[in-house]
Amino acid sequence: MNNTSLPAVANHERRLYQLGIILFLLGLLTGFLLPLMENARMGLSSHLEGIMNGVFLIVLGLIWPKLRLGPTAERITFGLAVFGTYTNWLATLAAGFLGAGASMMPIAAAGFEGSAVQEGLITLALMSLSVAMVVVAGMVLWGVSGQGSAKRTT
């Protein structure tokens, strides 16, 4: 049976598992790159973000079948969760290699500051992923509270 014949809920559940494991692995591999980074402390943040966000996607996959959301809300929640978790890892990884991130993460940046463009892109990424993850948390809370539309049977 291929993924196209599975109901949308099962597809999202399986993809969250896959994407979570991939992000977890990327987080682990990021740890090996710390000596190559301009700012290893920011790299450590990326390492931890990859691991924690990977676990988050796996947990989201576990509870996904319990969510009561309509098809559009499911697609939006899924997309924002993937965008937010991967962008979190990638933004901190870029900041580690560039020696940037002071504008949004002064403690992790540890005195390193990138160019205005670098800082602006990292700020944009962090702000957008923050909004995305707040929406995801709200949608998941709405979905598990039973307030959303009736759940399709799988």
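Nothing here was measured: the structure is a model prediction, and the numbers come from that model. (Residues numbered from 1 in each chain as written. Predicted model: local features only at pLDDT ≥ 70, side-chain atom pairs only at ≥ 80, totals over all residues. Heavy atoms only, no water.)

### Details of the overall build of the chain
Argument step 1. Counting its regular elements, the chain contains 5 helices and 0 strands.
Argument step 2. With 154 residues in all, the chain has 42% of them scored as buried.
Argument step 3. Put simply, of all contacts in the chain between residues at least 6 apart along the chain, 74% involve residues at least 24 apart.
Argument step 4. Accessible area of the chain: about 8,100 Å², with a carbon and sulfur share of 72%. (Helix = DSSP H or I, 4+ residues; strand = E, 2+ residues; numbered from the N terminus. Buried < 20%, exposed > 50% of the residue type's maximum accessible area, 1.4 Å probe, protein only. Contact = heavy atoms within 4.5 Å. Areas by Shrake-Rupley, 256 points an atom, 1.4 Å probe, with all protein chains shown as cover.)

### So, the packing of helix α2 (residues 40-63) against helix α3 (residues 71-98)
Argument step 1. At a minimum axis distance of 7 Å, the contact between α2 and α3 shows a crossing angle of 170°. Viewed along their axes, α2 and α3 adopt a mutual orientation that is roughly antiparallel. In this structure, α2 uses Met42, Gly43, Ser45, Ser46, Glu49, Gly50, Asn53, Phe56, Leu57 and Leu60 to contact α3, whose residues at the interface are Ala81, Thr85, Tyr86, Asn88, Trp89, Thr92, Leu93, Ala95 and Gly96.
Argument step 2. Taken together, the residues of the contact of α2 with α3 sort by class into 9 nonpolar, 9 polar and 1 charged. (Axes fitted to C-alpha atoms, helices over the stretch in contact; angles between N-to-C directions. Parallel < 35°, antiparallel > 145°, perpendicular 65-115°, else oblique. Nonpolar A, V, L, I, M, F, W, Y, C, P; charged D, E, K, R; others polar.)

### Topic: the nonpolar core
The tendency in soluble globular proteins is for nonpolar side chains to be buried side by side.
Argument step 1. Counting 19 residues, the largest nonpolar core has Leu16, Leu19, Leu57, Leu60, Trp64, Phe78 and Tyr86 as its most contacted members.
Argument step 2. Looking at this core, the elements that each hand over two or more residues are α1 (8-32), α2, α3 and α5 (116-144).
Argument step 3. Of the residues forming this core, the biggest block, 7 residues, is contributed by α3.
Argument step 4. Discounting chain neighbours no more than four positions away, the residues touching Leu60 are Leu16, Ala81 and Val140. (Core = buried A, V, L, I, M, F, W, Y, C linked by side-chain atoms within 4.5 Å.)

### Points about unusual backbone geometry
Argument step 1. Despite not being glycine, Ala110 shows a phi value in the positive range, around 50°.
Argument step 2. Turning to its location among the elements, Ala110 is positioned in the loop between α4 (106-109) and α5.
Argument step 3. Using a relative accessible area of 43% as the deciding quantity, one classes Ala110 as partly exposed.

### Quick notes on α5
Helical geometry note: an α-helix holds 3.6 residues per turn, so side chains three or four residues apart project in the same direction.
Argument step 1. With 29 residues, α5 should reach 42 Å at 1.5 Å per residue; the first-to-last C-alpha distance of 42 Å fits that figure.
Argument step 2. Residues of α5 that are buried include every one of Glu119, Ile122, Ala125, Leu126, Leu129, Ala132, Met133, Val136, Val140 and Gly143, and no others.
Argument step 3. Buried residues belonging to α5 abut α2 and α3. (Expected span 1.5 Å × (residues − 1).)

### Re the packing of aromatic side chains
Argument step 1. According to the stated counting rule, one finds 1 aromatic pair in the structure shown.
Argument step 2. Plain terms: the ring middles of Trp64 and Phe78 are 6.4 Å apart, the flat faces sit at 75° to each other, and that makes the pair edge-to-face. Highlighted residues: Trp64 in the loop between α2 and α3 and Phe78 in helix α3, separated in sequence by 14 residues. (Phe/Tyr/Trp six-rings, centres within 6.5 Å; stacked < 30°, edge-to-face > 60°.)

### Thoughts on α2
Argument step 1. With 24 residues, α2 should reach 34 Å at 1.5 Å per residue; the first-to-last C-alpha distance of 35 Å fits that figure.
Argument step 2. Those residues of α2 lying buried are Met42, Gly43, Ser46, His47, Gly50, Ile51, Asn53, Gly54, Leu57, Leu60 and Gly61.
Argument step 3. Taking the backbone nitrogen of Arg41 as reference, a side-chain oxygen 3.0 Å away marks Asn39 as the first, capping residue of α2. (Polar contact = N/O pair within 3.5 Å; in protein donor to acceptor, adjacent residues only side chain to side chain.)

### Some remarks on a nonpolar patch on the surface
Argument step 1. A cluster of nonpolar side chains, namely Val55, Val59, Leu62, Ile63, Leu141 and Val144, defines an oily patch on the protein surface of about 500 Å² accessible area.
Argument step 2. Those elements that provide at least two residues to the nonpolar patch are α2 and α5.
Argument step 3. Among the elements that take part in the nonpolar patch, α2 stands out by supplying 4 residues, more than any other.
Argument step 4. By the secondary structure assignment, Leu62 is in helix α2.
Argument step 5. The exposure class of Leu62 is exposed, given its relative accessible area of 52%. (Patch = residues over 30% accessible without salt bridge, like charges linked within 9 Å, V, L, I, M, F, W, Y side chains within 5 Å. Salt bridge = Lys/Arg side-chain N within 4 Å of Asp/Glu carboxyl O.)

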